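Observations on the three-dimensional arrangement
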Amino acid sequence: MFTPESLASFEREVGATLTEFERSLEKAAPGAVTVLGAGVFEVDCDNVTLRMDAKPVAPRRIGLFVLPVLKVSYQFSGGDEKARKALLDHLDRAMQRGGG
């Protein structure tokens, strides 16, 4: 699992379109996701709030394949470090794609 240096805020790249990201997020945390605007999401779960700002960046190209990429900023509030990590781990597992 991905563990950032700080569970207050961090950034990472995600291989998805905004539509795919939103769909996966809502499946991962049904009823806990609020869409605040285009590419801006908030997840409230067990006294932890996670705000995510997702912006498309240049896609990755591998031969003829073009893979969409989002730069996602994560910002936590509420909850302790253990609760924040549990939410992040849950979302990462639930939103994982591919077969590797």
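Refer to the structure presented above.
Since the model is a prediction, treat every value here as computed from it, not as a measurement.

Reading the values: rules and limits
Residues numbered from 1 in each chain as written. Predicted model: local features only at pLDDT ≥ 70, side-chain atom pairs only at ≥ 80, totals over all residues. Heavy atoms only, no water. Helix = DSSP H or I, 4+ residues; strand = E, 2+ residues; numbered from the N terminus. Rg over C-alpha atoms; globule rule 2.2 N^0.38 Å. Buried < 20%, exposed > 50% of the residue type's maximum accessible area, 1.4 Å probe, protein only. Contact = heavy atoms within 4.5 Å. Areas by Shrake-Rupley, 256 points an atom, 1.4 Å probe, with all protein chains shown as cover. Lys, Arg positive; Asp, Glu negative; His and termini not counted. Charge placed at Lys NZ, Arg CZ, Asp CG, Glu CD. Polar contact = N/O pair within 3.5 Å; in protein donor to acceptor, adjacent residues only side chain to side chain. Pairing = 2+ DSSP bridges. Axes fitted to C-alpha atoms, helices over the stretch in contact; angles between N-to-C directions. Expected span 1.5 Å × (residues − 1).

Moving on, we get to the overall build of the chain. The secondary structure content of the chain amounts to 2 helices and 5 strands. Helices and strands appear in the chain in the N-to-C order β-α-β-β-β-β-α. Radius of gyration (C-alpha) of the chain: 14 Å, near the 13 Å computed for a compact globule of 100 residues. Taking the principal axes of the C-alpha coordinates as reference, the chain spans close to 45 × 25 × 20 Å. By the burial criterion, 34% of the 100 residues in the chain qualify as buried. Considering only contacts within the chain whose residues lie at least 6 apart along the sequence, 55% involve residues at least 24 apart. Accessible surface for the chain amounts to roughly 6300 Å². Of this, 52% is attributable to carbon and sulfur atoms. When the 13 basic and 14 acidic side-chain charges of the chain are each reduced to a single mean position, those positions are 6 Å apart.

Attention now goes to the environment of R51. Residue placement: R51 occurs in strand β4 (residues 48–62). For the pair R51 and E20, spaced 31 residues apart in sequence, the C-alpha to C-alpha distance is 17 Å. Filtering out sequence-adjacent residues up to four positions away, R51 remains in contact with L36, V40, F41, E42, S73, Y74 and Q75. In terms of polar contacts, R51 uses its side chain to reach the side chain of D53, at 3.2 Å.

Before going further, it helps to spend a moment on the sheet that holds strand β5 (residues 65–77). To summarise the sheet geometry, strands pair through backbone hydrogen bonds and adopt either a parallel or an antiparallel arrangement. Spatial ordering of the open sheet is given by β1-β5-β4-β3-β2, a layout of 5 strands whose pairing is antiparallel. In this open sheet, the two edge strands, each paired with only one partner strand, are β1 (9–14) and β2 (33–37). Here the average twist between neighbouring strands, direction ignored, is 25°. Here β4 runs beside β5; their pairing, made up of 12 bridges, is antiparallel. Counted as the bridge partner of K55 is K71 from β5.

The next thing to look at is the environment of K85. With respect to the secondary-structure elements, K85 resides in helix α2 (residues 81–95). In the structure, K85 is positioned 78 residues away from L7 in sequence and 7.3 Å away in space, judged by C-alpha atoms. Setting aside its immediate chain neighbours within four residues, K85 contacts T3 and L7.

With that settled, consider the environment of L67. Considering the arrangement of structural elements, one finds L67 in strand β5. Spatially, the C-alpha atoms of L67 and D92 are 19 Å apart, while their sequence positions differ by 25 residues. With sequence-adjacent residues up to four places away left out, L67 is seen in contact with P59, R60 and I62.

With that settled, consider α2. Over its 15 residues, α2 extends 21 Å from the first C-alpha to the last, a length consistent with the 21 Å expected when each residue adds 1.5 Å. Residues of α2 that are buried: R84, L87, L88, D89, L91, D92 and M95. Packing partners of the buried residues in α2 comprise β1, α1 (18–28), β3 (40–45), β4 and β5.

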